[in-house]
Amino acid sequence: MAEILKTVEAMDRALALLEAGQVVAIPTETVYGLAGDATNGEAVARIFEAKGRPRFNPLIAHVSGKVMASEIAVLDPLSEKLAQAFWPGPLTIVLPLLPDAPIHPLVTAGLSTIALRMPQGFAAQLIARLGRPLAAPSANSSGKISATSAAAVEADLGARIPLIVDGGRTEVGVESTIVKVEGETLRLLRPGGIAAEVIEAVSGQSLVRTGGAMVEAPGMLASHYAPGTALRLEATAVMPGEALLAFGSIRALGSDQALSILNLSPSGNMREAAANLFAHMQALDRTGAATIAVEPIPSTGLGEAINDRLRRAAAPRS
Ligand code: TXA
Ligand code: MG
């Protein structure tokens, strides 16, 4: 059972948990979010773990205002205008991630873009007090609908998280609208709490719908992060010229020949492995190895998402 505290009494407890790298369910004006410190990989891994997500989709980073946003991403003039008009509120804007942004790569699933939103109320105050962005997908287990009350969060995730902040029923009740500026084009990635027409009125241009295939899961897109270097999965031996992405305490044969070795988790801890996954893939990608050999990783717990992501990264490029 999670502890449930009303917003008026929850601030200090929520802050302490977030500082400790734990996750907290919080109300936003759209739906409840399952929040963790976006700069802390283990906290972000805990979000995926609690949701039972079978794969790592990129998460929205929630900010307390435009200053925090500008430390994370590059705001073009149109995105700036939209943020001005709709923040705080149910608008998420996908933006180029600054190279030195204080965002753990598990938040963006290794993408070079990031989805940013400034929520209303308790969530915004919490982020301002923490002084760091919060990664927060909707607070529901994978495949279930988003929770719009603390009771719904409790029924679904109560056994897996320490705290639910009860802010009553959420006002909007559907997730935020997600848009992305691409050159001259303003693209609607997900319809949501702000009607497309309202965004069109403010931006002075029409929103391009992404066909029938809304980008519900950009993890499926070709543009999703994949290393330039080929991956060889389930490797039990290292071939000449390969780098090794290791896991656990037992090394693949010939590992001493590897150009470079990075271990996702020497102790075999799935949460640690998830937190290291994208950063390690990126680092091995930069070594110039012909191939990255990847040791077998069990598919238990977060291992399912880790293996899903590795399979995608290893798939032939179209
Ligand atoms: O209202 C909301 O947006 C709620 C509250 C908690 O803020 N959050 C929410 O998060 O709905 P989630 O994780 O359930 O949905 C986020 C969506 C996903 O479909 C994800 O694929 C997309 O945002 N997304 C995240 N980063 C992206 C990126 N860089 N490019 C394109 N889509 C992205
Ligand atoms: Mg969701």
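Described below are features of the structure shown in this document. Here the residue numbers are simple positions, counted from 1 along each chain's written sequence. Each chain gets a letter, beginning with A, and each ligand a number, beginning with 1, in the order they are written. Totals for whole chains, interfaces and linings use every residue, but because this is a predicted model, local features are given only for residues with pLDDT of at least 70 and side-chain atom pairs only at 80 or more, for both listing and counting. Side-chain numbers here rest on the full set of heavy atoms in the structure, without hydrogens or water.

Paired strands, as defined in this entry, are two strands with at least two bridges between them according to DSSP. Elements are defined by DSSP. Helices are runs of H or I of four residues or more, strands are runs of E of two residues or more, and each kind is numbered from the N terminus. One open sheet accounts for four strands, arranged β12-β15-β13-β14; its pairing is parallel. Each end of this open sheet is capped by a strand with a single partner; those strands are β12 (230–232) and β14 (261–263). For this sheet, the mean inter-axis angle between neighbouring strands, taken without regard to orientation, is 25 degrees. Bridge count between β12 and strand β15 (residues 291–294): three bridges; the pairing is parallel. Bridge pairing links L231 to I292 in β15. Inter-axis angles, ranging from 0 to 180 degrees, are taken between N-to-C directions of lines fitted to C-alpha atoms, where helices are fitted over the stretch in contact.

With that settled, the discussion passes to helix α1 (residues 7–19). Under the 1.5 Å per step criterion, the end-to-end length of α1 is 18 Å for 13 residues, consistent within 8% with the ideal 18 Å. Burial classification: accessible surface area is computed with a 1.4 Å probe over protein chains only, and a residue below 20% of its type maximum counts as buried, one above 50% as exposed, and the rest as partly exposed. When we look at burial in α1, the residues that qualify are A10, M11, A14, L15, L17 and L18. Throughout, a contact is declared for two residues whenever any of their heavy atoms are within 4.5 Å. For α1, the elements touching its buried residues are β1 (3–6), β2 (24–26), β3 (33–37), α6 (122–130), β7 (134–135) and β8 (163–166). A helix is expected to reach a length of 1.5 Å times the quantity of its residues less one.

Attention now moves to the packing of helix α4 (residues 77–86) against helix α8 (residues 196–203). Relative to each other, α4 and α8 sit at 120 degrees, their axes nearing to 10 Å. Classified by the angle between their axes, α4 and α8 sit oblique to one another. The element α4 and its partner α8 pack so that their crossing is right-handed. Contact residues: L78, K81, L82, A85 and F86 in α4; V198, I199, V202 and S203 in α8. Note on residue categories: nonpolar means Ala, Val, Leu, Ile, Met, Phe, Trp, Tyr, Cys or Pro, charged means Asp, Glu, Lys or Arg, and polar means any other residue, Gly included. When grouped by side-chain class, the residues that make up the contact of α4 with α8 number seven nonpolar, one polar and one charged. An angle below 35 degrees is treated as roughly parallel, one above 145 as roughly antiparallel, one from 65 to 115 as roughly perpendicular, and anything else as oblique. Crossing chirality is assigned from the near helix's rotation relative to the far helix, an anticlockwise turn below a right angle marking it left-handed and a clockwise turn marking it right-handed.

In this section: the environment of I161. Relative to the assigned elements, I161 resides in the loop between α7 (150–157) and β8. Spatially, the C-alpha atoms of I161 and V181 are 35 Å apart, while their sequence positions differ by 20 residues. Not counting residues up to four positions away in its chain, the partners in contact with I161 are A2, V23, A25, L34, A50 and V153.

With an omega dihedral of -5 degrees, the bond running from W87 to P88 counts as a cis peptide bond. Turning to its location among the elements, P88 is positioned in the loop between α4 and β5 (91–96). A positive phi angle, near 50 degrees, is found at A109, a position not held by glycine. For A109, a relative accessible area of 0% corresponds to the buried category. Located in the positive-phi region is E234, a residue other than glycine, with phi close to 55 degrees.

Any carboxyl oxygen of Asp or Glu that lies within 4 Å of a side-chain nitrogen of Lys or Arg is treated as forming a salt bridge with it. Under the defined criterion, the tally for this structure stands at 16 salt bridges. For E182, the salt bridge is made with K180, and the minimal N-O distance between the two is 3.5 Å. Taking relative accessible area as the criterion, E182 reaches 31% and is therefore assigned partly exposed. Shared partners join several salt bridges into a network, and the residues in it are E19, D37 and R132.

Attention now goes to the side chain of T148. Along the chain, T148 falls in the loop between β7 and α7. Polar contacts, as counted here, are pairs of nitrogen or oxygen atoms within 3.5 Å of one another; within protein the pair requires one atom able to donate a hydrogen and one able to accept it, and residues that are adjacent in sequence qualify only if both atoms are side-chain atoms. Separated by 3.1 Å, the side chains of T148 and R169 make a polar contact. Excluding anything up to four places from it in sequence, T148 contacts T30, V31, Y32, G168, R169, T170 and G173.

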